[in-house]
Amino acid sequence: MIKISNLSYAYTKNTPIFSEINLEFDRRSTAIIGQNGAGKTTLAKLLKGLLKPFDGEIMIGQYNVKTVSAAELSKVIGLVFQNPNDQIFKSKVLDEVMFGPLAIKMSESAAKKNALEALELVGLHEQLETNPHDLSLSEKKLLCVAAVVAMDPEIIVFDEPTIGQDYAGKEKIRNIIQVLKKRNKLVMTIIHDMDFVAENFERTIVINEGIVILDGDTRKVFAEREILKHAHVEDPSITQLGKVLGFQETFLTVEEFVQRWKQSQR
Amino acid sequence: MKKIIVENLKYKYPLTESLALDNLSFEVEQGEFIGIIGANASGKSTLCQSIVGLVPHFYKGAYGGTVIVDGLKVMDHAVSDIALKVGIVFQNPFNQVTGSKLTVLEEIAFGLENIGVPQTEMLERIETVLELLNIAPYRERHPFDLSGGQMQRMAIASIIAMKPNIIVLDEPTSQLDPEGAEEVFQAIHRLSEQGITVIMVEHKMEKIAHYCNRVMLLQKGKMIDFDTPEKIFSRDDLETYGVTAPVYTRVCKALDLKIPGTDYYPVTLEQASRVLGGKIK
Amino acid sequence: MKSISLYTDRKSVLHSLDPINKLYYIAFAIFIPIILPSIEISLACVALSFTLLISGKVFTKTMPAFGVVLFTLLTVILIQGLFRPGNATILFQAGPFTMYREGLLYASILSLRVINIVSSFMILVLTTSPSDLVDSLVRKGMSPRIGYVISSVFQIIPEMMAAMETITDAQRARGMETEGNLRVRIRAFFPLLGPVVLGSLINTKERAMALEVRGFNAKSPKTYLLDQKQYRFSTVIQWGILFVIGCAIVWRLAS
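The numbers attached to residues start from 1 for each chain and follow its sequence in the written order. Lettering of chains starts at A and numbering of ligands starts at 1, both following the order in which they are written. Where totals are concerned, whole chains, interfaces and linings use all residues; where local detail is concerned, this predicted model gives features only for residues with pLDDT of at least 70, and gives and counts side-chain atom pairs only at 80 or more. Remark: hydrogens and water are excluded; side-chain values derive from all non-hydrogen atoms of the structure.

1. A short note on the overall build of chain A
Here is step 1 of the chain: When helices and strands are counted, chain A shows eleven helices and ten strands.
Here is step 2 of the chain: Only the C-alpha atoms count toward the radius of gyration. The rule for a globule is 2.2 Å times the residue count to the power 0.38. Taken against the 2.2 N^0.38 rule, which gives 18 Å for 266 residues, the C-alpha radius of gyration of chain A at 19 Å falls within 12% of a compact globule.
Here is step 3 of the chain: Projected onto the principal axes, the alpha-carbon positions of chain A cover approximately 60 × 45 × 30 Å.
Here is step 4 of the chain: Remark: exposure states derive from per-residue accessible area (1.4 Å probe, protein chains only) relative to the maximum for the residue type, with buried under 20%, exposed over 50%, and partly exposed in between. Looking at chain A as a whole, 56% of its 266 residues are labelled buried. Each helix is a run of H or I in the DSSP string that is no shorter than four residues. Each strand is a run of E no shorter than two, and both are numbered from the N terminus.

In structure tokens:
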């Protein structure tokens with residue numbers, strides 16, 4: 001769905017963020033992890049067309065990111081920003097969610113239909129008339145998710161969706177990701193919460209100093225403790241527990257661990 | 001010695017209907033490390049701010065009951081006086097930078113200048129906190145040029161330099177990457193070892209379980225429970241309060257393995273591996 | 001570090017002077033040509049200001065500012081030269097327009113005064129770091145709160161512009177066109193305005209609390225981390241400037 005070839009990018013000439021990155025994305029849900037400043041957000045902005053590559057190419061479907069505007073690209077790829085206050089400006093929840101679909105020239109009725117569906121997905125369908133600024137921060141984040149989902153892009157990128165979410169909020173995000181996966185969307189996220197990555201994403205890419213140092217099935221990636229350490233990434237709690245107890249396998253969920261443990265006790 | 005005494009504390013923000021804090025009473029001893037947990041909007045931040053006097057002095061609103069911090073009755077003293085007893089660190093390191101100073105050194109000095117600390121003592125205090133928070137190499141850097149983790153440690157240093165006996169931290173690591181977060185936790189741990197009383201709101205339950213002596217569970221401004229991490233995280237009804245136990249506790253609960261000789265489940269990696277390790281065949 | 005300050009870090013006598021002296025000089029540049037309104041005095045003042053700017057190695061930095069000022073002054077010269085009431089002596093004619101001597105002279109004096117005042121402000125702004133200026137003023141007794149507002153503006157505005165960029169990206173990500181003709185740009189303005197205002201309000205509230213708990217409102221007398229910068233000849237320069245202004249007044253009254 002996305003093909004990045006020989007991508008290079010720098011904010012200032014002498015300090016390249018990326019040089020010669022090659023990556024392909026299929027429909028597996030993908031987590032992009034790494035230290036702050038490793039280049040994760042820059043990558044997301046490049047994919048979204050908000051930044052233009054210095055060198056190399058990014059193809060999203062049949063679009064070449066270099067030649068189409070960010071607004072045009074939003075039909076195929078959506079990005080949910082980390083801070084909802086950077087986005088919200090309408091005085092009603094429904095209007096906020098309809099803004100994106102209308103901006104990409106969806107018809108009024110289609111925009112409304114999509115918006116209502118998206119709001120139902122995030123659980124805000126009973127607050128259509130509410131002023132978004134009266135919502136809590138975690139509800140605002142969900143509102144921004146709905147605003148992107150309503151545009152019905154093939155690819156949805158989340159920037160730190162779990163920050164500031166409590167247990168219930170995280171469960172909602174988890175559910176939204178599952179639903180989007182079922183709709184055959186490519187779900188990507190930039191994230192620091194490794195426990196959440198382990199439980200929800202099929203593929204994990206580790207970026208360190210502008211270089212992809214690990215890429216593959218999440219389980220395989222979290223098995224590479226030494227490389228992760230080098231990238232300043234901590235493995236998930238459950239993985240740590242398995243390792244401490246001397247298991248060969250890499251565990252990703254509590255359920256897996258519990259099952260394997262019960263087997264070992266027989 | 002009791003550092004914080006809260007009695008029947010009730011508080012309502014201006015222009016709101018419901019109580020943000022609803023009849024809280026508790027006490028904290030000198031040197032304790034307290035974690036506060038609960039769903040969003042359960043009153044965690046409001047409680048933090050009531051300990052440093054921002055509630056009610058900064059927000060106004062309806063206030064009842066008493067909060068006594070290191071012998072000072074919060075209601076009767078200005079925030080700048082209470083600041084000498086208790087400091088607070090907020091979530092976003094960025095918004096705690098004064099924006100008027102050109103180096104880390106000057107930034108840390110800001111509070112000390114305000115409260116009139118003599119220059120030689122100021123320099124001594126700043127050196128101490130630079131070392132304590134591991135930011136000495138950045139002393140001449142511009143405050144806005146630091147990474148999130150460094151900036152947050154600078155914010156903590158600025159507070160600690162004012163020599164409070166108590167420090168309150170409201171989700172100090174939520175904006176940081178895991179490494180930055182770990183740096184901050186270790187710095188707070190060092191403070192705690194020096195006898196400073198720590199109150200911390202945090203969503204990462206594994207960290208709470210690892211560092212705290214006691215954990216307070218809040219819901220809708222009411223205190224549900226206030227006890228050891230083992231006791232709190234062994235509760236069966238945690239999820240109804242919008243929180244979940246650490247991964248290690250969830251594993252041991254599923255396997256029904258308690259800490260030997262107690263009624264509670266393990267809460268840290270160490271406890272869990274001890275309990276599980278003893279059972280490996 | 002980005003900053004909106006125009007301060008240019010060079011080594012010169014002007015840079016090493018007390019910021020307060022430069023405030024005195026601004027007063028000098030404003031009052032002398034008013035007290036002594038002859039064109040010669042105005043010319044002399046401009047020459048002095050330019051010499052100071054050149055000695056401070058910042059003269060080229062003044063060009064953008066003077067560009068704007070001169071453009072405005074050009075219109076003043078034209079209007080006064082052509083239409084000032086009391087215009088009598090014809091200087092020259094160009095098509096239907098007649099340029100008069102009286103108007104031109106009046107406009108020239110006015111222009112020289114403006115250039116002089118702008119130059120004196122340039123001397124302050126270009127050769128003084130804002131934090132030094134604020135520091136000097138606070139030590140002289142200005143309220144530390146006002147001092148804080150002044151010095152923080154220089155740093156917080158660039159941060160707000162960075163926030164503005166993020167907000168623009170967030171809206172572009174939702175399909176909003178921000179580039180193109182005027183109509184598109186105006187339409188794009190409102191979705192940006194709301195978040196910018198709200199964001200800065202939230203940040204201001206948080207920063208206010210953070211300042212509060214660091215004793216910003218403490219009643220005790222303030223101390224300073226850094227020793228007061230030692231400036232040479234401050235008193236001599238200040239008294240010198242006051243003396244010259246005094247002389248000018250006496251001269252004016254006597255003549």
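On we go from here.
2. Let's talk about a nonpolar patch on the surface
Residue and element names in this part refer to chain C.
Here is step 1 of the chain: Exposure above 30% relative accessible area and the lack of any salt bridge qualify a residue for a patch; like charges then connect within 9 Å, and the nonpolar side chains Val, Leu, Ile, Met, Phe, Trp and Tyr within 5 Å. All accessible-area figures derive from a Shrake-Rupley calculation using a 1.4 Å probe, and residue coverage is judged against the displayed protein chains alone. We define a salt bridge as a side-chain nitrogen of Lys or Arg found within 4 Å of a carboxyl oxygen belonging to Asp or Glu. A cluster of nonpolar side chains, Leu182, Ile186, Phe189, Phe190, Leu193, Val197 and Leu201, forms an exposed patch at the surface whose accessible area comes to about 700 Å².
Here is step 2 of the chain: As for its placement among the helices and strands, Leu193 is situated in helix H7 (residues 182-212).
Here is step 3 of the chain: Judged by relative accessible area, which is 35%, Leu193 ranks as partly exposed.

3. Topic: the nonpolar core
Here is step 1 of the chain: Ile37(B), Leu47(B), Ile108(B), Ile126(B), Ile156(B), Ile167(B) and Phe233(B) are the most contacted members of the largest nonpolar core, which totals 97 residues.
Here is step 2 of the chain: Here, residues are in contact when the closest pair of their heavy atoms is within 4.5 Å. The residues touching Ile126(B), leaving out its near neighbours within four places in the chain, are Leu105(B), Ile108(B), Ala109(B), Leu112(B) and Leu225(C).
Here is step 3 of the chain: Ala111(A), Leu124(A), Leu180(A) and Val197(A) belong to the second-largest nonpolar core, a separate cluster that totals 45 residues. Nonpolar cores were defined as sets of buried Ala, Val, Leu, Ile, Met, Phe, Trp, Tyr and Cys residues, with membership established by side-chain atoms within 4.5 Å.

4. Here we look at the side chain of Glu202(B)
Here is step 1 of the chain: One can find Glu202(B) in the loop between strand S8 (197-201) and helix H8 (205-211).
Here is step 2 of the chain: Judged by its relative accessible area of 3%, Glu202(B) is buried.

5. Some thoughts on the interface of chain C and chain B
Here is step 1 of the chain: With 31 residues of chain C at the contact, the number on the chain B side is 44 residues.
Here is step 2 of the chain: Interface of chain C and chain B: buried area, both sides summed, is about 3,200 Å²; carbon and sulfur atoms make up 58% of it.
Here is step 3 of the chain: Of all residues in chain C, Val213(C), Arg214(C) and Leu225(C) bury the most surface against chain B, accounting for 28% of the area lost on that side.
Here is step 4 of the chain: Applying the counting rule to chain C against chain B returns two salt bridges.
Here is step 5 of the chain: Glu107(B) serves as the salt-bridge partner of Arg214(C), at 3.2 Å between the closest nitrogen and oxygen.
Here is step 6 of the chain: Think of a polar contact as two N or O atoms within 3.5 Å of one another; within protein, one of them needs to be a possible hydrogen donor and the other a possible acceptor, and neighboring residues in sequence only count if both atoms come from side chains. On inspection of chain C and its partner chain B, the count reaches 14 residue pairs in polar contact (both at pLDDT 80 or more). Throughout, buried area stands for the accessible area (probe radius 1.4 Å) lost by two parts on being put together, summed over both.

6. Points about unusual backbone geometry
Here is step 1 of the chain: At the junction of Val55(B) and Pro56(B), the peptide bond is cis and its omega measures out at 5° in the coordinates.
Here is step 2 of the chain: Tracing the backbone shows Pro56(B) in helix H2 (residues 54-57).
Here is step 3 of the chain: Positive phi outside glycine occurs at Glu209(A), with the angle close to 50°.
Here is step 4 of the chain: Position of Glu209(A) relative to the elements: it lies in the loop between strand S9 (203-208) and strand S10 (211-217).

7. Quick word on a positive patch on the surface
Residues and elements named next belong to chain C.
Here is step 1 of the chain: Here the positive residues are Lys and Arg and the negative ones are Asp and Glu; neither His nor the chain ends is included. The atoms used to mark charge sites are NZ of Lys, CZ of Arg, CG of Asp and CD of Glu. Taken together, the side chains of Arg10, Lys11, Lys57 and Lys61 make up a positively charged region of the molecular surface.
Here is step 2 of the chain: Tracing the sequence through the fold places Arg10 in the segment before helix H1 (19-35).
Here is step 3 of the chain: Take Arg10: its relative accessible area is 31%, and that puts it in the partly exposed class.

8. Focus: the environment of Phe94(B)
Here is step 1 of the chain: Mapped onto the fold, Phe94(B) is located in the loop between strand S6 (86-89) and helix H4 (104-114).
Here is step 2 of the chain: By relative accessible area, which is 29% here, Phe94(B) ends up partly exposed.
Here is step 3 of the chain: Separated by 58 residues in the primary sequence, Phe94(B) and Gln152(B) have C-alpha atoms spaced 8.0 Å apart.
Here is step 4 of the chain: If we skip the residues at most four places from it in the chain, Phe94(B) touches Phe144(B), Met151(B), Glu159(C) and Arg207(C).

9. Some thoughts on the pairing of strand S7 (residues 155-159) of chain A
Residue and element names in this part refer to chain A.
Here is step 1 of the chain: Within S7, five of the five residues are buried, which leaves the element mostly enclosed by the surrounding structure.
Here is step 2 of the chain: In this description, strands pair whenever DSSP reports at least two bridges between them. In this sheet, S7 lies alongside strand S6 (residues 77-80) in parallel orientation, the contact comprising four bridges. Paired with Ile77 across the strands is Ile155, a residue of S7.
Here is step 3 of the chain: By the bridge criterion, five bridges tie S7 to strand S8 (residues 186-190) in an arrangement that is parallel. If you follow Val157 over to S8, its bridge partner there is Met188.
Here is step 4 of the chain: Between S7 and its parallel partner S8, the chain crosses via helix H6 (residues 167-182), and the hand of that crossover is right-handed. For the handedness criterion, the strands are oriented away from the viewer, and a crossover whose path from the first strand over the helix to the second runs clockwise is classed as right-handed.

10. Topic: the interface of chain B and chain A
Here is step 1 of the chain: On the chain A side, the residues contacting the 30 residues of chain B number 27 residues.
Here is step 2 of the chain: Taken over both partners, the interface formed by chain B and chain A buries close to 2,600 Å², and the fraction arising from carbon and sulfur atoms is 62%.
Here is step 3 of the chain: Put simply, chain B and chain A have zero salt bridges between them.
Here is step 4 of the chain: Taken together, chain B and chain A are joined by eight residue pairs in polar contact (both at pLDDT 80 or more).
Here is step 5 of the chain: Elements with a contribution of two residues or more to the side of chain B that touches chain A: helix H7 (178-193), H8, helix H10 (247-254) and helix H11 (269-277) of chain B.

11. A closer look at the pattern of salt bridges
Residue and element names in this part refer to chain A.
Here is step 1 of the chain: Summed over the entire model, instances satisfying the criterion amount to 39 salt bridges over all chains.
Here is step 2 of the chain: Where Lys185 meets Glu154, a salt bridge forms, and the shortest distance between an N and an O atom there is 3.8 Å. Here the residue Lys185 occupies a position in the loop between H6 and S8, and Glu154 occupies one in the loop between helix H5 (137-149) and S7, the gap between them amounting to 31 residues.
Here is step 3 of the chain: The buried category is assigned to Lys185, whose relative accessible area is 8%.
Here is step 4 of the chain: A single network of salt bridges, built from pairs that share partners, joins Arg27, Asp152, Glu154 and Lys185.

12. Things to note about the sheet that holds strand S9 (residues 214-219) of chain B
Residues and elements named next belong to chain B.
Here is step 1 of the chain: Across the sheet, which stays open at both edges, the six strands sit in the order S6-S7-S8-S3-S9-S10 with mixed pairing between neighbours. With one partner strand each, in any of the chains shown, S6 and strand S10 (222-227) form the two edges of the open sheet. Between one strand axis and the next, the sheet turns through 15° on average, direction left out of account.
Here is step 2 of the chain: Running at roughly 145° to S6, helix H1 (residues 44-52) makes contact with strand S3 (33-37), S6, strand S7 (166-170), S8 and S9 of the sheet.
Here is step 3 of the chain: With respect to the sheet, helix H6 (residues 148-160) is in contact with S6 and S7, its orientation differing from that of S6 by roughly 170°. Only the stretch in contact is used when a helix axis is fitted, and all axes are lines through C-alpha atoms; the angle between N-to-C directions ranges over 0 to 180 degrees.

13. As for the packing of aromatic side chains
Here is step 1 of the chain: Pairs were defined over the aromatic rings of Phe, Tyr and Trp, the Trp ring being its six-membered one, requiring ring centres within 6.5 Å. Orientation was assigned from the angle between planes: stacked under 30 degrees, edge-to-face over 60, tilted for the rest. Across all of its chains, the model carries 22 aromatic pairs over all chains by this definition.
Here is step 2 of the chain: Aromatic side chains Tyr11(B) and Tyr13(B) sit 5.1 Å apart centroid to centroid with 75° between the ring planes, which places their arrangement in the edge-to-face category.
Here is step 3 of the chain: Here the aromatic rings of Phe58(B) and Tyr59(B) are separated by 5.4 Å at their centres, their planes lie at 80°, and the arrangement is edge-to-face.
Here is step 4 of the chain: An aromatic cluster of at least three residues, connected via ring pairs, comprises Tyr11(B), Tyr13(B), Phe58(B), Tyr59(B) and Tyr63(B).
Here is step 5 of the chain: A ring has a charge above it when a Lys NZ or an Arg CZ is no more than 6 Å from the ring centre and no more than 35 degrees off the ring normal. Above the ring of Phe226(B), the side-chain terminus of Arg214(B) is found at 4.1 Å from the ring centroid.
Here is step 6 of the chain: Between Arg139(C) and the ring centre of Tyr224(C), over which it is positioned, the NZ or CZ distance is 4.0 Å.

14. Section: the sheet that holds S7(A)
Residues and elements named next belong to chain A.
Here is step 1 of the chain: Ordered by their spatial adjacency, six strands build an open sheet running S6-S7-S8-S3-S9-S10, and the pairing between neighbours is mixed. Two strands in the sheet have a free side with no partner beyond their single neighbour: S6 and S10. Neighbouring strand axes in the sheet, compared pairwise and without regard to direction, differ in orientation by 15° on average.
Here is step 2 of the chain: On top of the sheet, H5 reaches S6 and S7; it is set at about 170° to S6, its chief contact.

15. So, the environment of Gln165(A)
Here is step 1 of the chain: Relative to the helices and strands, Gln165(A) resides in the loop between S7 and H6.
Here is step 2 of the chain: Its relative accessible area of 2% is what places Gln165(A) among the buried residues.
Here is step 3 of the chain: Along the primary structure Gln165(A) and Ser19(A) are separated by 146 residues, whereas in three dimensions their C-alpha atoms are 34 Å apart.
Here is step 4 of the chain: Look past the residues within four positions of Gln165(A) in its chain and what remains in contact with it is Ser138(A), Lys141(A), Lys170(A), Ile173(A), Asn40(B) and His203(B).

16. Here's the deal with the packing of helix H3 (residues 63-83) of chain C against helix H4 (residues 101-127) of chain C
Residues and elements named next belong to chain C.
Here is step 1 of the chain: Where H3 meets H4, the closest approach of the two axes is 9 Å, and the angle between their N-to-C directions is 165°. Considering the angle they form, H3 stands roughly antiparallel to H4. Both H3 and H4 take part in a crossing whose hand is right-handed. For the pair H3 and H4, the contacting residues are Ala65, Phe66, Val69, Leu70, Leu73, Val76, Ile77, Gln80 and Gly81 in the first and Gly103, Leu104, Tyr106, Ala107, Leu110, Ser111, Val114, Ile115, Val118, Ser119 and Met122 in the second. Angle categories are assigned with fixed cut-offs, so that under 35 degrees is roughly parallel, over 145 is roughly antiparallel, 65 to 115 is roughly perpendicular, and the rest are oblique. Handedness of a crossing is defined here by the sense of rotation of the near helix relative to the far one, left-handed for an anticlockwise turn of less than a right angle and right-handed for a clockwise turn.

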